Amino acid sequence: MMGPVYLPAMELVLDSYKPLLTTLDVSLLVDWEDAAAPGHPATFFSTKASRLDTVATKREVEAFGNVFHVLARVGGHPASTCTAFVHEGVVGIYDVATVEDLRRQGAAAAAIDFALLRARDMGCKTAILQAHKRSVGLYDRLGFRETGMFQSLYYSRTRMEAEAVAKGYRPPGSQP
Ligand SMILES: CC(C)(COP(=O)(O)OP(=O)(O)OC[C@H]1O[C@@H](n2cnc3c(N)ncnc32)[C@H](O)[C@@H]1OP(=O)(O)O)[C@@H](O)C(=O)NCCC(=O)NCCS
C-alpha cells in the first residue's frame, strides 16, 4: 500500500534539555560488521536487498564529520539506533528505530539522549525531527514540541522489496 502520510515536525531547544538518567549502554555506532547482520536496528528501515547499501551509505556520510550514528544496547544486544546530522547550530535526528523484541525499555530514548548531548557539545542550539504519530509520545517526553506538519509518502516495505527483486536487484552474495 502506498499513500500520503502526515508527519509531525518537532523541535527541541537544547539549552534547556535535561539529560535522561539511563543505565543502558549507549555509544557511537562504530561496529559496522554487526550492523549489516539481519535484525540490527541500523538497517531497520532497509529492505533485505538494500541492507548492505544502507550500511555503506551510513558509513560514507559519517566521513563528512557532521554526521554521527548512535547505538543503544539492551542486555548487550544492539537494540536502538539513530542518526544525527549537524548543520549551523541545528541537529536533525533521523532513522530512529528499535528492534521489535527490545522495545519499551528506553532504548530509543537513550540513543536520542546521547545524540542530543553530543550535538549540544558540538555547539548545536536546536534539535529537529520528523515524527511518526506512533512515536510522538516518545519525543514529547524528551522535550520535543510540535511545530508543523510534513506531508510525505508511505511505502510498504513488502512492496518495495518485491519491486526491487522484480528489477533484478539482489543482495550481494545471494543466489539468483
Ligand atoms: C518508536 C520506537 C523507535 C520506540 O522505540 P523504544 O526503544 O521502544 O522507545 P522507548 O522504550 O524509549 O519508549 C517507548 C515507550 O516505552 C516506554 N518505556 C520506556 N522504558 C520503559 C520501561 N523500562 N518499562 C516500560 N515502559 C517503558 C516509554 O515510556 C514509551 O512509552 P509511550 O510509547 O507510551 O510513550 C520503536 O517503536 C520503533 O522502532 N518503531 C518502528 C520505527 C519507527 O516508527 N521509528 C520512529 C520514526 S519517527
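This section reports on the structure supplied with the text.

Cut-off values and rules
Residues numbered from 1 in each chain as written. Predicted model: local features only at pLDDT ≥ 70, side-chain atom pairs only at ≥ 80, totals over all residues. Heavy atoms only, no water. Near = heavy atom within 4 Å. Polar contact = N/O pair within 3.5 Å; in protein donor to acceptor, adjacent residues only side chain to side chain. Areas by Shrake-Rupley, 256 points an atom, 1.4 Å probe, with all protein chains shown as cover. 1 Å grid on protein atoms, 1.4 Å probe; cavity = no way out; pocket = protein on both sides within 12 Å on 5 of 7 lines; lining within 4 Å. Points joined across faces, edges and corners; volume = space filled by probe spheres on them. Helix = DSSP H or I, 4+ residues; strand = E, 2+ residues; numbered from the N terminus. Nonpolar A, V, L, I, M, F, W, Y, C, P; charged D, E, K, R; others polar. Core = buried A, V, L, I, M, F, W, Y, C linked by side-chain atoms within 4.5 Å. Buried < 20%, exposed > 50% of the residue type's maximum accessible area, 1.4 Å probe, protein only. Contact = heavy atoms within 4.5 Å. Pairing = 2+ DSSP bridges. Right-handed = clockwise from strand over helix to strand, strands pointing away. Phe/Tyr/Trp six-rings, centres within 6.5 Å; stacked < 30°, edge-to-face > 60°. Lys NZ or Arg CZ within 6 Å of the ring centre and 35° of its normal.

Attention now moves to the site of the ligand. Residues in contact with the ligand amount to 21 residues; listed here are only the nearest, Val-96, Thr-98, Arg-104, Gly-106 and Arg-141. One of the side-chain N or O atoms of Thr-98 is found 2.8 Å from an oxygen atom in the ligand. Between Gly-106 and the ligand, the recorded distance is 2.7 Å, taken from a backbone N or O atom to an oxygen atom. Compared with its free state, where it exposes 950 Å², the ligand has 69% of that area covered by protein.

Here the largest pocket is characterised by a volume of approximately 1,600 Å³. Along the wall of the largest pocket there are 35 residues; nearest its centre are Phe-44, Phe-45, Val-96, His-132 and Arg-134. Listed by contribution, the elements that provide at least two residues to the lining of the largest pocket are strand 1 (2-13), strand 5 (90-98), helix 3 (107-121), strand 6 (126-130), helix 4 (136-142), strand 7 (145-155) and helix 5 (157-166). Among the elements that line the lining of the largest pocket, the one with the most residues is strand 5, at 6 residues. In the lining of the largest pocket, the residues fall into 20 nonpolar, 8 polar and 7 charged. Computed from the structure, the second largest pocket encloses a volume of approximately 190 Å³. Forming the walls of the second largest pocket are 15 residues, and the residues nearest its centre are Gly-39, His-40, Thr-43, Phe-44 and Arg-157.

The biggest cluster of nonpolar side chains holds 35 residues, and the ones touching the most others in it are Val-91, Ile-93, Ile-112, Leu-116, Tyr-139 and Phe-144. At the level of elements, strand 1, strand 3 (67-74), strand 4 (77-87), strand 5, helix 3, strand 6 and helix 4 are the ones that each hand at least two residues to this core. When residues in this core are grouped by element, the largest group, 9 residues, is from helix 3. Once you skip the residues sitting within four places of it in the chain, Tyr-139 turns out to touch Met-10, Val-96, Ile-112, Leu-129, Ala-131 and Phe-144.

Note: strand 5 against strand 6, 4 bridges, orientation parallel. Opposite Val-91, over in strand 6, you have Ala-127 as the bridge partner. The parallel pair strand 5 and strand 6 is bridged by helix 3, and the resulting crossover is right-handed.

We now examine the packing of aromatic side chains. Counted under the stated rule, the structure contains 3 aromatic pairs. With centroids separated by 5.1 Å and ring planes inclined at 85 degrees, the aromatic side chains of Phe-44 and Phe-45 adopt a geometry described as edge-to-face. A relative accessible area of 47% means that Phe-45 is categorised as partly exposed. Seen from their ring centres, Tyr-139 and Phe-144 are 6.0 Å apart, and the 70 degrees between their planes marks the pair as edge-to-face. With respect to class, Tyr-139 is no different from Phe-144; both count as buried. Residue placement shows Arg-118 over the ring face of Phe-68; its charged tip is 4.8 Å from the ring centre.

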